[in-house]
Every structure is written in C-alpha cells, then in structure tokens.
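Given next are the chains, with one letter for each unit.
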Amino acid sequence: MASLSLTSLFSLLSLLTLFSPSLSKSITISLSPLTKNTHTNSIQTLNHLTSTSLARAHHLKNPHKNTTSLARAHHLKTPHKNTTSPARAPLSPHSYGAYSMPLSFGTPPQTLDFIVDTGSSLVWFPCTHHYVCTNCDFVKTDTKNISTFIPKSSSSSRILGCRNHKCGLVFQQDIRSRCPDCGDIGYCDQVCPAYLIQYYSGTTSGLLLSETLYFSDELIVKKFAVGCSILSSGQPSGIAGLSRGPASLSAQLSLSKFSYCLVSHHFDDKVRSSELVLTVGPDIGPTNNHNVNYTPFLNNRFTINPAFQDYYYVGLQNISIGGEHIRVPHKFRSPRKNGNGGTIIDSGTTFTYMDINLFKVVASLFEKKMSTYRRAIEVEYLIGLRPCFAFSGETNMTFPEFVFHFNGGSKMELPLADYFSSIGDSGVVCMTIITGAGDESNGGPSIIIGNYQQQNFYMEFDLKNERLGFRKQVC
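Residues numbered from 1 in each chain as written. Predicted model: local features only at pLDDT ≥ 70, side-chain atom pairs only at ≥ 80, totals over all residues. Heavy atoms only, no water.

## With respect to the overall build of the protein
How we decide: For helices the rule is a DSSP run of H or I covering at least 4 residues; for strands it is a run of E covering at least 2, with both sets numbered from the N terminus onward. Burial here depends on accessible area, computed with a 1.4 Å probe over protein chains only, as a share of the maximum for the residue type. Under 20% is buried, over 50% is exposed, and the range in between is partly exposed. Residues count as neighbours in contact if any of their non-hydrogen atoms are within 4.5 Å of one another. Each accessible area value is a Shrake-Rupley result obtained with a 1.4 Å probe; residue values ignore everything except the protein chains displayed when judging cover.
The helix and strand inventory of the protein stands at seven helices and 31 strands. Counting every position in the protein, which comprises 475 residues, the buried fraction comes to 60%. Excluding contacts between residues fewer than 6 apart, the proportion of contacts in the protein whose partners are at least 24 apart in sequence is 76%. As displayed, the protein offers around 19000 Å² of accessible surface, 52% of which is attributable to carbon and sulfur atoms.

This is the structure in structure tokens:
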C-alpha cells in the first residue's frame, strides 16, 4: 500500500538526466507530450481526455478497412546512407493526450512535428500552401498558419505512381481496382490513388510521395513513402505511424527495435521532452536492458480482420490491486481468430481502456480497498472517470498498489500518478482507467494500455525478438 502526505500527493519528481544509451545503429528523437490545452479547468481537461480516450478505443476496436490499417506486406528495404550512428528524436507531451516528435523530410530538409502512434501505419504531414484543416481550433494552433511541408521546395519530392510497389503499402489488395489503367504489362503513368484515413479524432486525405527522410549527415533514408495530406479534420499535426503495418516508420526503416520513455503529462505543452530511440538494422551494439522486464508479443497474423494485425498484442494474465489478484478471463488474454479479445500497447490512447466486465471487477476492488474514503459521485458524473474519492480533511491517504502481470512472469508496477489523478484543488482523486458500454465492448482488443499508464517507464518494442520490454524510471 502506498501512503502519502497530502502535501506530497502527486508531486512531481525532479527531472533526471535523460537516458542516452550508446546503441549501435540507433536513432534518438525527442518526445513531447502532445496536449493542446484547450481546457484550463482540471475537470474539463480530464473530461476531454476521457472522451478522446473512449473515442480512440472505439476506433482501435472497430478499425475501418480502407485506411492505413490494411493487410500486411513484406517490409520495405530502404537504402540507408549510413546506419552506424544512433538515431534519436525528442518526444514532447501535449494536452490532448498524445506525444509528438520532430522529423525532417526533403532536400533541403523541412522539419515538422508528428504525433507518435503505435496503433497506425502511415507517416504523413500537412502538405502544400493549400492545406486545410477543419475542426482544428486547439489552443496555440492558428489554423491559417499550420506548419506544412512544401514539395516544390524539395528537389527529392516525387509523386508515387501506380506502378511503384510502395503504392501497394497502403492500398494492398485494392491496388488493382484503384489503378484500372495499369495492367500487368506495358507503360502506365497513372498516379497512385489518393488516400483517405479515418482516425478517432478526425480524418486526413492526400497523395503519397517518395521523399528523403533526413536524420543526420550520416543517416539519410531515400525514397521513403510518406503521405502529403491536403485536407484534414481535427488533425493539426502530422502522424508518425509506428505499428506493425507495412507503411509504418518501423517497417520502412526495417527497425530491429524502438524504445521511448514518456515524461509525465504534468509537463504538457511545456519545454520538457524525453527520447525516442530507433534501432536501424541488426542490434549488435551495447544494450540498455539492465533491469528490463520482457514479455513476448502475441501472434495475431491470422485474424479475419487484417487491420488488427498492425497492433502490438501482449499476454496480460492477472491484475493485482493491493496484493489481491484479479485473474484476467481467458477470452481477454489473447486475440481470437475474429480479432476480438487480447491486450494491446498503444501510444496514441491516453487512459487505459478495459472491457466493461473486467473494469467492474477492478473498480469494485478499488472501492473495497479504499472504503474508508467518501466516494465523490458528483465528480464522477462530471468527468466520466470512476471511482473518485474525496480526501478533504484527511492528513494522509493510502492507495493500494496496482500491478499488471504479463506472460513470462514480468510485472509492471505502476507509479501512483499513472493510475490516479488529483482533480485540481477540489480535494478529489480519480482512477484513470476507462470503459465503454454497449457494442464498444463486443469487438476488437479487450484491453488497451494507454500512454498515461506508460508515463515514466522505459518502453522497448523489440521487433527482432518479438517482445515488449519495460522498466520503471523517471523520464
């Protein structure tokens, strides 16, 4: 049990020096939490994050077929100028619940911010001077001055044609019907069809480009397939897909692994960042796996719906709360052939989602363990989170520990700030795990572990060895 004085409750830890492992053939990028803070009131902010997390969960559980989440293809082997030095990028937090990183495309390079998304495939950016984004009225976002990529300013920009095999990375089985002027033989100058991608928060559409991705003078990736979006809704920033999909950043770079450490959402929209590390090619250098817990990824290549094949599934066996174990039902532990069930790790979801049947057991156990505190029912109705507890007048408050138990015996012991959040100055704390109702609980993943529960964890996606690694640390 964790007992804290109220003066130290949810206080921020001092930011430690960012880890900088000397991984051979790696790219390190700064990560920032992406939360465009349109809500200054904590109740409004949490209500907004709850709503967007539910919308994201519904999208992941019911993916649209004609988007980037299509049937898998062979990984694209992209030529690299040199892959002997680390590739790193900063990650930054933002107030709509996601994290962003900068990437540079073009010749000469043009640098833009991208939301990091392990649940989608295509990498795309706002494109041309004519880019239009509707419903993008976020704080600090001028919809008339969104940063865009300008293809005319890059000597390496090329629009993909139907004959280019990279066109098939997005359209796959539909490519023949979408390119009717191109037969099996002969010349064809038809342009690769426009894409339309639907996300939980909106849509984006545009054309595919072949472009140069620039990390440094020593690491340049040519002929990278990237989306040039002309029209979007609710998408003021580009997205860097890091899923298992063939058009993703991880697939096109043939990554052996990638890792990140997400700084606390307390730093949303502030000048704080951590790192995303991309390991390109064979991982033959020193590793940063001291005290890292590993659990294998689950095979999901044979589901009827190919969209689910893009997700990172892990085997969640048990959840323990204050030392009392909840056995995860068998149907929730691994995905079935129809794609239903199982647990995925997702950087684009904020609050962890649980099937309503499992959520009720988890919430009830918290209520039992914290029965000495008054339930703040009125706050639960306002923000959509539950259970909530009032600590007004208390000198100390005791919370049961929360642990995920995965296949292989690995345990993910969450820091208190990863599963409870204080509600401003209201004297109330709420559990930051959500559930849906009705048909939201019927299909797709049963559990989605979001970025809120990944704060201050080193997270390693070991693609070569098909496993997820994690270690608690201050990012």
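Right, picking up where we left off after that structure.
## Some points on helix α6 (residues 356-369)
Rules: To estimate how far a helix should reach, multiply one less than its number of residues by 1.5 Å. When we speak of the arc, we mean the arc of directions from the helix axis to the C-beta atoms. Distance and chemistry together define a polar contact, namely a pair of N or O atoms within 3.5 Å, with one atom able to donate a hydrogen and the other to accept it when in protein, and with adjacent residues in sequence counting only for side-chain atoms on both sides.
Across its 14 residues, α6 extends 20 Å between first and last C-alpha, which sits within 8% of the 20 Å expected from 1.5 Å per residue. Where α6 is concerned, the buried positions are Leu358, Phe359, Val362, Ala363, Leu365 and Phe366. Within α6, the buried residues cover an arc of 160° as seen down the axis, which keeps them to one side. Residue aspartate 355 occupies the N-cap position of α6, its side-chain oxygen lying 2.9 Å from the main-chain nitrogen of asparagine 357.

## Details of a nonpolar patch on the surface
For clarity, the threshold we go by: Think of a patch as exposed residues, more than 30% relative accessible area, with no salt bridge, where like charges cluster within 9 Å and nonpolar side chains (Val, Leu, Ile, Met, Phe, Trp, Tyr) cluster within 5 Å. Salt bridges are defined by distance alone: a side-chain nitrogen of Lys or Arg within 4 Å of a carboxyl oxygen of Asp or Glu.
Where nonpolar side chains cluster on the molecular surface, the patch consists of Val132, Ile230 and Leu231 and spans about 220 Å² of accessible area. One can find leucine 231 in strand β11 (residues 219-233).

## Topic: unusual backbone geometry
Residue proline 108 is bonded to the preceding threonine 107 through a cis peptide linkage, with omega at 0°. Along the polypeptide, proline 108 turns up in the loop between β4 (98-105) and β5 (110-117). Note the cis peptide between arginine 386 and proline 387, where omega equals -5°. Mapping proline 387 onto the fold places it in the loop between α7 (377-383) and β22 (388-390). Within the chain, threonine 128 stands out as a residue other than glycine whose phi angle is a positive 70°. Looking at threonine 128, the relative accessible area reads 19%, which means it is buried. The backbone of asparagine 456 sits at a positive phi, close to 55°, despite the residue not being glycine. Here asparagine 456 shows up in the loop between β29 (447-449) and β30 (457-462).

## Focus on helix α1 (residues 42-61)
Counted at 1.5 Å a residue, the expected span for α1 with its 20 residues is 28 Å, and the 28 Å between its end C-alpha atoms agrees. Taken together, the buried positions of α1 are occupied by Thr45, Leu46, His48, Leu49, Thr50, Thr52, Ser53, Arg56, Ala57, His59, Leu60 and Lys61.

## Thoughts on the state of the cysteines
Simply put, disulfide is the name for a covalent bond between the sulfur atoms of two cysteines. The cut-off we apply is this: Two cysteine sulfurs form what is called a disulfide whenever their separation falls within 2.5 Å.
The tally for this structure, following the rule as stated, stands at five disulfides. There is a disulfide in this structure between cysteine 127 and cysteine 228, and the S-S distance comes to 2.0 Å. Taking the sign of the S-S torsion, about -90° here, the bridge from cysteine 127 to cysteine 228 comes out left-handed. Here the residue cysteine 127 occupies a position in the loop between β6 (123-126) and β7 (132-134), and cysteine 228 occupies one in strand β11, the gap between them amounting to 101 residues. Just as cysteine 127 is buried, cysteine 228 falls in that class too. Note that cysteine 162 is cross-linked by a disulfide to cysteine 179, the S-S spacing being 1.9 Å. Because the sign of the S-S torsion sets the handedness, a value of about -80° for the bond joining cysteine 162 and cysteine 179 places this disulfide among the left-handed ones. Here cysteine 162, found in the loop between β8 (158-159) and α2 (168-171), pairs with cysteine 179, found in the loop between α3 (175-178) and β9 (195-199); they are 17 residues apart in sequence, far enough to count as distant. The pair cysteine 162 / cysteine 179 is uniform in exposure class, with both members buried.

## Section: the packing of aromatic side chains
This is how it is decided: Think of it this way: a Phe, Tyr or Trp ring, Trp meaning its six-membered ring, pairs with another when their centres are within 6.5 Å, and the plane angle makes it stacked under 30 degrees, edge-to-face over 60, tilted otherwise.
According to the stated counting rule, one finds 24 aromatic pairs in the structure shown. On the numbers, 5.4 Å between centres and 80° between planes, the contact of phenylalanine 366 with phenylalanine 420 is edge-to-face. Taken together, the positions of phenylalanine 366 in helix α6 and phenylalanine 420 in strand β26 (residues 420-422) put the pair 54 residues apart, joining distant regions of the chain. The buried category is assigned to phenylalanine 366, whose relative accessible area is 0%. Within the aromatic cluster, the residues linked to one another by ring pairs are Phe366, Phe389, Phe399, Phe402, Phe404, Phe406, Tyr419, Phe420 and Phe470.

## Considering the pattern of salt bridges
As enumerated under the stated definition, the model contains 11 salt bridges in all. Across the salt bridge formed by aspartate 346 and arginine 56, the nearest N and O atoms sit 2.8 Å from each other. Here aspartate 346 is found in the loop between β19 (343-345) and β20 (352-354), whereas its partner arginine 56 is found in helix α1, with 290 residues between them in sequence. For the residue pair aspartate 346 and arginine 56, the accessibility class agrees, reading buried in each case. The residue lysine 369 makes a salt bridge to glutamate 324 at a minimum N-O spacing of 3.3 Å. On the criterion of sequence distance, the pair formed by lysine 369 in helix α6 and glutamate 324 in strand β18 (residues 324-327) is long-range, its members being 45 residues apart. Accessibility expressed as a relative area gives 27% for lysine 369, which makes it partly exposed.

## Let's talk about the environment of isoleucine 434
By secondary structure assignment, the location of isoleucine 434 is in strand β28 (residues 433-434). Given a relative accessible area of 2%, isoleucine 434 falls into the buried group. Note: C-alpha distance between isoleucine 434 and serine 51 (383 residues apart in sequence) is 9.5 Å.

## Observations concerning the confidence of the model for the protein
Where we set the bar: Confidence per residue, as judged by the predictor, is encoded in pLDDT with a range of 0 to 100.
Summarising the model, the protein shows a mean pLDDT of 81, and 78% of its residues fall at 70 or more. Confidence, read as mean pLDDT per element, is least for strand β1 (residues 2-5) in the protein (46) and greatest for strand β24 (residues 402-406) (98). In this model residues 3-24 is a low-confidence stretch, pLDDT under 50, and it forms 61 contacts with partners more than four residues away in sequence or in other chains. A low-confidence stretch, residues 36-41 (pLDDT under 50), is modelled with 17 contacts involving residues beyond four sequence positions or located in other chains.

## Concerning the sheet that holds β26
Rules: Any two strands with at least two DSSP-identified bridges between them are counted as paired. Think of each axis as a best-fit line through the C-alpha atoms, taken over the contacting stretch in the case of a helix, with angles from 0 to 180 degrees between the N-to-C directions.
Overall, antiparallel pairing links the four strands, which are arranged β21-β22-β27-β26 in an open sheet. Two strands in the sheet have a free side with no partner beyond their single neighbour: β21 (374-375) and β26. Pairing between β21 and β22: two bridges, direction antiparallel. Within the sheet, the bridge partner assigned to arginine 374 lies in β22 and is alanine 390. Contacts from α6 reach β21, β22, β26 and β27 (428-431) within the one sheet, and its direction differs from that of β27 by about 150°.

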